[in-house]
Amino acid sequence: MKLDRTAGLTLGLTFGIPLTLALLNQTTDVSAALHVPTYVIALAGKYLCFAMLALAVDLVWGFAGILSLGHAAFFALGGYAMGMYLMRQIGSRGVYGNAMLPDFMVFLGWKELPWYWHGFEWFPFAMFMALLVPGLLAMGFGWLAFRSRVTGVYLSIITQALTYALLLAFFRNDMGFGGNNGMTDFKDILGFPVQADGTRSALLVISAAFLCAQYLVARSIVRSRFGKVLIAVRDTESRTRFLGYRPEAYKLVVWTLSAVMAGIGGALYVPQVGIINPSEFAPANSIEAVIWVAVGGRGTLTGAILGAVIVNFGKTWFTGALPNLWLYALGALFIFVTLFLPNGVMGLFAARAKKPAPELEAAE
Amino acid sequence: MSEADTLLYLDGVTVNFDGFRALNALSLVLEKGEMRAVIGPNGAGKTTMMDVITGRTRPDTGKVMFGLDTDLTKLDEPAIAALGIGRKFQKPTVFEPHSVWDNILLALSGDRRPRFSLWARETAEEKRRIESVLETVRLKDQRDRRGGDLSHGQKQWLEIGMLLAQEPQLLLLDEPVAGMTDAETEQTAELLREINRTRSVVVVEHDMAFVRALDVKVTVLHEGSVLSDGSIDHVSADPRVIEVYLGR
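Residues numbered from 1 in each chain as written. Chains lettered and ligands numbered in written order. Predicted model: local features only at pLDDT ≥ 70, side-chain atom pairs only at ≥ 80, totals over all residues. Heavy atoms only, no water.

Engineer: Can you help me understand the overall build of chain B in this one?
Structural biologist: Within chain B, the regular secondary structure consists of 10 helices and 10 strands. Counting only C-alpha atoms and orienting by the principal axes, one finds that chain B spans roughly 55 × 40 × 40 Å. Looking at chain B as a whole, 54% of its 248 residues qualify as buried. Across chain B, contacts joining residues at least 24 apart in sequence account for 66% of those joining residues at least 6 apart. Of the roughly 11100 Å² of accessible surface on chain B, 48% is carried by carbon and sulfur atoms. Averaged over its 31 positive side-chain charges, chain B has a centre that lies 4 Å from the centre of its 40 negative ones. (Helix = DSSP H or I, 4+ residues; strand = E, 2+ residues; numbered from the N terminus. Buried < 20%, exposed > 50% of the residue type's maximum accessible area, 1.4 Å probe, protein only. Contact = heavy atoms within 4.5 Å. Areas by Shrake-Rupley, 256 points an atom, 1.4 Å probe, with all protein chains shown as cover. Lys, Arg positive; Asp, Glu negative; His and termini not counted. Charge placed at Lys NZ, Arg CZ, Asp CG, Glu CD.)

Written out as structure tokens, the structure reads:
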């Protein structure tokens, strides 16, 4: 595969920076000037997982014109699959010391593990589910929606309803996913303690590798003939029908893939933040993901990663320094970007390089 | 005319939109290899007729047959396109972010499924076909330009090129010379005659000079049905046609 400068830089930075952080954390002494504290490692890991969500949103929004306001649902489902694995790893170290049942089930007075929890103690199965569940949900949802030619704002609204419905469902204790509190107090992953510096550094590097892989997959898709059809569907859907294409088939493929990408992000997110609960399904999360993409530059892929990192970095800073103002700042940022930077931060670079807008560049 | 020579057959086609009768028992027969001009005042049902043929609109009653045994009212747009019916819209719609080359590439007849296009590489055969279409529509020098950057007339030609790339048996053209200069109009008439050597064509047009230049059988639509047909001289002498065009 031929890489241009943007792709080379994206991959180099996306992998190089986390790798450097992880190495500095692992090889330097806590008192050393260059030491990177573990909380920074955890934060960086979180940003990278959000970047995967952003990439997934950009793939469907930027290239297929599907504005999903419910993508965090796929992210959260991947996260729950990982959460279930991590819960099973706790074993008898839980508060109630039950080797079979997670604490919240003991608390609810359940006697045995629900059928859908079986297999999750096995890592490959849990990871397979982290891909399968978001993928299947997206496929079913997409098949119904795209076949009925639901588009535009109507589609956005039902994606929002989807994530809200899941939020309500996962809140219920009798769903068997920990209800309101979700899952936490994880002990180890594949035998390594989740909280340890080494594990965190490793997870950061693994996240960076997955993000790079997702970027490469997304990039090769949008540059393929499939991607060209997709862009054609985004701009003039009915015209593609008269050329003999079935837009619904194209949307379904990219939508399902995008959900799987978000699921991978969620699965990597949970061990790094140490908790998964229904608030991950909150509609606001999905909307924030759309803002990341808009800030970075819709339809550029690189912009999605950049936007997710910039906005979340801002969020971390703001919620520490001026916690009450964060939502106002986010709203103002979105308005600013919409009015003055229609192509996001990537648009700035493109304008400086006197190239066509990146959205269009990606189409070529 | 024998039945086997019939390419398109519309019989008693009626379309109602909320009480407005866009097509009223419209009947029309097109032979293989024929070029037909369809004219008529605004609201006569010309575009609705194209919508019915291409599967965008389902008729309330009536038969729409392609060839001897294909019922078009049972098929959707992609299926009808795959049968070999290509359509050019009134307002030129090309894929603006894509290059002229890619516009033709996407229109080339071939496998339309995602599982194919995900892995497809441009073959030498495809390159040759694109070259030949660009040659025909005189856009060879524009191949790397964005579709959206072309002039209005060039977009019209690109769209005709996309139609040719589909290799349809039947081309439906909705006002192909709208907004074109006189020279471009003349070139387009020439191009259509060339296309008509191998394919059937239906042209909906307002430009009477252009219709005259095509020199083919003309069908006049009025209020959703056929008012008159025949040569351009015949229909323009028809008192009912004069009444419809001038009488209001």
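Engineer: What is the right way to look at the interface of chain A and chain B in this model?
Structural biologist: Interfaces are often sized by the accessible area lost when the parts come together. Contacts between chain A and chain B engage 27 residues on the former and 31 residues on the latter. Note on chain A versus chain B: buried area summed over both sides is about 2800 Å², and carbon and sulfur give 60% of it. Of all residues in chain A, R225, R239 and F242 of chain A give up the largest surface area on contact with chain B, accounting jointly for 32% of the area buried on that side. Connecting chain A to chain B are five salt bridges. One salt bridge in this structure joins E159 of chain B and R239 of chain A, with 3.1 Å as the shortest N-O distance. Linking chain A with chain B are 14 residue pairs in polar contact (both at pLDDT 80 or more). Of all elements in the fold, only α8 (225-235), α9 (237-242) and α10 (247-273) of chain A reach the threshold of two or more residues within the side of chain A that touches chain B. (Buried area = accessible area lost by both parts, 1.4 Å probe. Salt bridge = Lys/Arg side-chain N within 4 Å of Asp/Glu carboxyl O. Polar contact = N/O pair within 3.5 Å; in protein donor to acceptor, adjacent residues only side chain to side chain.)

Engineer: It is not clear to me how unusual backbone geometry should be interpreted in this structure. Could you clarify?
Structural biologist: Trans is the common state for peptide bonds, and a negative phi is the common state for residues other than glycine. The phi angle at L301 of chain A is positive, at roughly 65 degrees, despite the residue not being glycine. Tracing the chain through its elements places L301 of chain A in the loop between α11 (283-296) and α12 (302-321). Residue class for L301 of chain A comes out buried when judged on its relative accessible area of 3%. Although it is not a glycine, E175 of chain B sits at a positive phi angle of roughly 45 degrees. With respect to the element layout, E175 of chain B can be found in the loop between β7 (170-174) and α7 (182-196).

Engineer: Would you take a moment to explain helix α13 (residues 326-340) of chain A for this structure?
Structural biologist: A turn of α-helix holds 3.6 residues, and therefore any two residues three or four places apart point the same way. Residues and elements named next belong to chain A. With 15 residues, α13 extends 21 Å between its outermost C-alpha atoms, agreeing within 8% with the 21 Å of an ideal straight helix rising 1.5 Å per residue. Those residues of α13 not exposed but buried are W326, L330 and V337. For α13, the arc enclosing every buried residue in end-on projection is 45 degrees, short of the 170-degree limit, so these residues lie on one face. In α13, the exposed residues that point more than 90 degrees away from the buried face are Y328, I335, L339 and F340. The inward-facing, buried residues of α13 contact α11 and α12. (Expected span 1.5 Å × (residues − 1). Arc of directions from axis to C-beta.)

Engineer: What is the right way to look at the pairing of strand β8 (residues 200-204) of chain B in this model?
Structural biologist: Regular strands show a simple pattern: their side chains alternate between the two faces of the sheet. Residue and element names in this part refer to chain B. Where burial is concerned, most of β8 is hidden: five out of the five residues are buried. Burial along β8 is two-sided: S200, V202 and V204 and V201 and V203, pointing in opposite directions, are all buried. Looking at chain direction, strand β3 (residues 35-39) and β8 are connected through four bridges and run parallel. Looking at β8, one finds that V38 is bridged to V204. (Pairing = 2+ DSSP bridges.)

Engineer: Quick question: what am I supposed to make of the pattern of salt bridges here?
Structural biologist: Residues and elements named next belong to chain B. Following the criterion strictly, the structure yields 30 salt bridges over all chains and no others. The salt bridge involving R128 is made with E125; its shortest N-O contact spans 3.2 Å. Taken together, the residues R128 and E125, both in helix α5 (residues 124-136) and three residues apart, mark about one turn of the helix. A relative accessible area of 47% places R128 in the partly exposed class. Through salt bridges that share partners, E131, E135, K140 and R143 make up one connected network.

Engineer: Help me understand the packing of aromatic side chains in this model?
Structural biologist: Taken as a whole, this structure holds 23 aromatic pairs over all chains when the rule is applied. Considering the side-chain rings of F170 of chain A and F281 of chain A, the 4.8 Å spacing of their centres and the 35 degrees angle between planes classify their relative orientation as tilted. In this pair, F170 of chain A sits in helix α6 (residues 152-171) while F281 of chain A sits in the loop between β4 (275-276) and α11, placing the two residues 111 residues apart along the sequence. Taking the relative accessible area as the measure of exposure, F170 of chain A reaches 5% and is therefore buried. The exposure class of F281 of chain A is buried, given its relative accessible area of 0%. Ring-pair connections join several aromatic residues into one group, and the members of that group are Y80, W115, Y116, F170, F177 and F281 of chain A. Taking the ring centre of W143 of chain A as reference, the NZ or CZ of R147 of chain A above it sits at 4.1 Å. If you follow R112 of chain B out to its NZ or CZ, it ends over the ring of Y245 of chain A, 4.5 Å from the centre. (Phe/Tyr/Trp six-rings, centres within 6.5 Å; stacked < 30°, edge-to-face > 60°. Lys NZ or Arg CZ within 6 Å of the ring centre and 35° of its normal.)

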